[in-house]
Amino acid sequence: GQNIDQPTEMTATEGAIVQINCTYQTSGFNGLFWYQQHAGEAPTFLSYNVLDGLEEKGRFSSFLSRSKGYSYLLLKELQMKDSASYLCAVSGGSYIPTFGRGTSLIVHP
Amino acid sequence: GAGVSQSPRYKVAKRGQDVALRCDPISGHVSLFWYQQALGQGPEFLTYFQNEAQLDKSGLPSDRFFAERPEGSVSTLKIQRTQQEDSAVYLCASSLPSGGNEQFFGPGTRLTVL
């Protein structure tokens, strides 16, 4: 089975940096995804990590440590439109992504 | 090109009714997934197709849930004798052959069972 844990809610200020953590336990590992989901909308892909280290893509970066079962999503220069739920999903031995419950990020002025 | 589409977007059913939810994946996407998402939760896996083959249906909560993809393109999720606990958003996602490929999600069908 798989277990994915991420904080339920975080708040941050516009222009700041926020780090959203995700820890996981899986049988087999074939990569970790981060998705963004605005209220009432479909999840959209942000990043994919399969090797240890940091992947940077514009204002968003994602980090993975396979030995620790740990990842984080780093959002820089926060904007109001970044207020959304951020979903961590792990692809295990079956290659089917299992999602965490999501972290609701609230960005305030 | 069009993304993943789902219909209907909203469905209200009386308890005991049967419903059918449709998913049109991105053309050429081999893999198709169905998820159930309750309010404030992440998507919960229901079932997975590769082309027309249903390779994993371990997430279907009961035998009232049935999914098919007969020609390897459009998929239908059917729920028989709906119950209130079936109320949720049903998301469909497609991707290139599963692995490190991102999933493209449809807008979902919000099912409300009264």
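Everything below is about the structure shown above.
Parameters and conventions
- Residue numbers restart at each chain and count upward from 1, following the sequence in its written direction.
- Starting at A for chains and at 1 for ligands, labels are handed out in the order in which the entities are written.
- Owing to the predicted nature of the model, reporting of local features is limited to residues with pLDDT of at least 70; listing and counting of side-chain atom pairs is limited to 80 or more, with chain, interface and lining totals taken over all residues.
- Computation of side-chain values covers all heavy atoms of the structure but excludes hydrogens and water.
- Each helix corresponds to a stretch of at least 4 residues labelled H or I by DSSP, and each strand to a stretch of at least 2 residues labelled E; elements are numbered beginning at the N terminus.
- We take the radius of gyration over the C-alpha atoms and set the globule estimate at 2.2 Å times the residue count to the 0.38 power.
- The cut-offs for exposure are 20% and 50% of the maximum accessible area for each residue type, with area from a 1.4 Å probe on protein chains only; residues under the lower value are buried, those over the upper are exposed, and the others partly exposed.
- The contact criterion used is simple: two residues touch if any of their non-hydrogen atoms lie within 4.5 Å.
- Note on terms: buried area is the combined drop in 1.4 Å-probe accessible area of two parts once they are placed together, counting the loss on both.
- By salt bridge we mean one thing: a side-chain nitrogen of Lys or Arg within 4 Å of a carboxyl oxygen of Asp or Glu.
- Under the rule applied, a polar contact is a pair of N or O atoms within 3.5 Å (in protein, one hydrogen donor and one hydrogen acceptor; residues adjacent in sequence only if both atoms are side-chain atoms).

Participant: Would you mind going over the overall build of chain A with me for this structure?
Facilitator: Looking only at helices and strands, chain A features 0 helices and 11 strands. Listing each helix as α and each strand as β along chain A from the N terminus yields β-β-β-β-β-β-β-β-β-β-β. The C-alpha atoms of chain A give 13 Å as radius of gyration, which agrees with the globular expectation for 109 residues (13 Å, within 12%). Within chain A, buried positions represent 47% of all 109 residues.

Participant: Just to check I follow, could you spell out the interface of chain A and chain B for this structure?
Facilitator: It is common to report an interface's size as the accessible area lost on association of the parts. With 16 residues of chain A in contact, the opposing surface of chain B contributes 20 residues. Between chain A and chain B lies a buried interface of about 1,400 Å² when both sides are counted; carbon and sulfur atoms form 57% of it. By the criterion of area lost to chain B, the three top residues of chain A are I96, F99 and R101 of chain A, representing 35% of everything that side buries. Taken together, the links from chain A to chain B amount to 0 salt bridges. Remark: the boundary between chain A and chain B carries 4 residue pairs in polar contact (both at pLDDT 80 or more). Taken together, the elements giving at least two residues each to the side of chain A that touches chain B come down to β4 (32-37), β5 (44-49), β9 (84-91) and β10 (97-99) of chain A. The biggest single contributor to the side of chain A that touches chain B is β4 of chain A, with 3 residues.

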